[in-house]
Amino acid sequence: MHLGSRPSIRRIALLLFLVVPAAAWVIVKPVRVVAPTLVGVTCLSASVCVDDPSAFGTAEQLYAEALAFVAAEIAPLAGTPRVIFCSSSACADSFGLGARSAVTIGTIGTVIGPKAWKPHYVRHELIHQLQGQRLGVIALLFKPSWFVEGMAYSLSQDPRQPLNEPWEDLRRRFASWYQVVGKANFWREAGML
Ligand SMILES: [Zn+2]
């Protein structure tokens, strides 16, 4: 009989239950996308949030352009995913952006950092949201990066020629795959990668 093991299992379970969400909040800052108001970000529409309310008009325009662009060039997104536009690096830091210009967390939302207020950046992140919606967030983790990143760089029509490596190589590999697969069988073929 190992009577002693019961309380310790319960303690571990309790610890996991209490500590993991708190740790996720602190360590995995991007989860804050779920509740941006807690870090000084205001959502002035259902989908567009800003740290600087005076920049809301610009943010809304970038969002609308990217949403329409992705719908026309690839496929429409389901719903209107949340995008948080950070004007300050303090805002970006509070979402743990680090060296990244922008980040998309599954299909939950996107954070655009101060350097990423450009059409191709917002399109790029919405393409990641579309990938998550169409292929599944978990399945996407197992897709090759030439597909995930190559598609985002290529189909967002990122104007940088060439991109820094490895991104240029990933974009090139996606482009040759896309040329063969085409638009009609796109998601079926992508699902099999
Ligand atoms: Zn990307």
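Residues numbered from 1 in each chain as written. Predicted model: local features only at pLDDT ≥ 70, side-chain atom pairs only at ≥ 80, totals over all residues. Heavy atoms only, no water.

Student: Any details on the confidence of the model for the chain? Residues and values, ideally.
Tutor: Overall, the prediction assigns the chain a mean pLDDT of 87, with 80% of residues at 70 or greater. Confidence drops under a pLDDT of 50 for residues 1-5, and excluding neighbours within four residues, the segment shows zero contacts in the predicted structure. (pLDDT = per-residue confidence, 0-100. Contact = heavy atoms within 4.5 Å.)

Student: Please give an account of the pairing of strand β5 (residues 109-112) that cites residues and values.
Tutor: Where burial is concerned, the two faces of β5 agree: the one with G109 and V111 and the one with T110 and I112 are both buried. Bridging between strand β3 (residues 82-85) and β5 involves four bridges; their strand directions are parallel. In the strand pairing of β5, R82 is matched with G109. Between the end of strand β4 (residues 102-105) and the start of β5, which pair antiparallel, lie three residues, with G106 showing a positive phi angle near 50°. (Buried < 20%, exposed > 50% of the residue type's maximum accessible area, 1.4 Å probe, protein only. Helix = DSSP H or I, 4+ residues; strand = E, 2+ residues; numbered from the N terminus. Pairing = 2+ DSSP bridges.)

Student: Kindly report on the coordination of the zinc ion, identifying the contributing residues and their values.
Tutor: Coordination sphere of the zinc ion, protein contribution only: H124 (NE2), H128 (NE2), E149 (OE) and E149 (OE), at 2.0 to 2.7 Å. For the zinc ion, the four donor atoms in the first shell make angles of 52 to 148° at the metal, a pattern classed as irregular. Donor residues binding the zinc ion come from one chain and are separated in sequence as H-x3-H-x20-E. Here H124 is found in helix α4 (residues 119-135), whereas its partner E149 is found in helix α6 (residues 145-155), with 25 residues between them in sequence. (Donors = N, O, S within 2.8 Å, 3.2 Å for Na, K, Ca; no water. Tetrahedral: all angles 85-135°; square planar, octahedral: opposite > 155°, others 65-115°.)

Student: Tell me what's going on with the packing of aromatic side chains, and back it up with residues and numbers.
Tutor: Throughout the structure, instances matching the rule amount to 13 aromatic pairs. With a centroid separation of 5.8 Å and an interplanar angle of 40°, the aromatic rings of F174 and W177 are classed as tilted. Taken as a pair, F174 and W177 lie in helix α7 (residues 167-181) at a separation of three residues, close to a single helical turn. Exposure remark for W177: the relative accessible area of 14% places this residue in the buried category. Here a set of aromatic residues connected by ring pairs shows up, and it is made of W146, F147, F174, W177, Y178, F186 and W187. Taking NZ or CZ as reference, R123 lies 3.8 Å from the ring centre of F69, over its face. (Phe/Tyr/Trp six-rings, centres within 6.5 Å; stacked < 30°, edge-to-face > 60°. Lys NZ or Arg CZ within 6 Å of the ring centre and 35° of its normal.)

Student: Give me the state of the cysteines: which residues, what numbers.
Tutor: In this structure the tally under the stated criterion is two disulfides. Two residues share a disulfide in this structure: C43 and C49, whose sulfurs sit 2.1 Å from each other. In this structure, the disulfide formed by C43 and C49 twists by about 95° around the S-S bond and is classed as right-handed. The class of C43 is partly exposed, set by a relative accessible area of 27%. Classification of C49 by relative accessible area gives buried; the value is 0%. Between the sulfur of C86 and that of C91 lies a disulfide, 2.0 Å long from S to S. (Disulfide = S-S within 2.5 Å.)

Student: Explain unusual backbone geometry to me, and be specific about the residues and the numbers.
Tutor: The linkage connecting Q161 with the following residue, P162, adopts the cis geometry, with an omega of -10°. Mapped onto the fold, P162 is located in the loop between α6 and α7. The omega torsion of the bond from E165 to P166 falls at 10°, within 30 degrees of zero and hence cis. For Q157, which is not glycine, the phi torsion reads 55° and is therefore positive. Tracing the backbone shows Q157 in the loop between α6 and α7.

Student: Now, about α4: what can you tell me, with residues and values included?
Tutor: Helix length check: α4, at 17 residues, gives a terminal C-alpha distance of 24 Å against a target of 24 Å (1.5 Å per residue), a fit within 8%. After α4 finishes, the residue G136 shows a positive phi value of roughly 95°. (Expected span 1.5 Å × (residues − 1).)

Student: How would you sum up the pattern of salt bridges? Please name residues and give values.
Tutor: If you walk through the whole model with that rule in mind, you get five salt bridges. The closest approach of N and O atoms between E65 and R123, which form a salt bridge, is 2.8 Å. Placement of the pair is E65 in helix α2 (residues 56-73) and R123 in helix α4, with a sequence separation of 58 residues. For R123, a relative accessible area of 12% puts it in the buried group. A salt bridge links D158 to R160; the nearest nitrogen and oxygen atoms lie 2.6 Å apart. Given the relative accessible area of 5%, D158 is considered buried. (Salt bridge = Lys/Arg side-chain N within 4 Å of Asp/Glu carboxyl O.)

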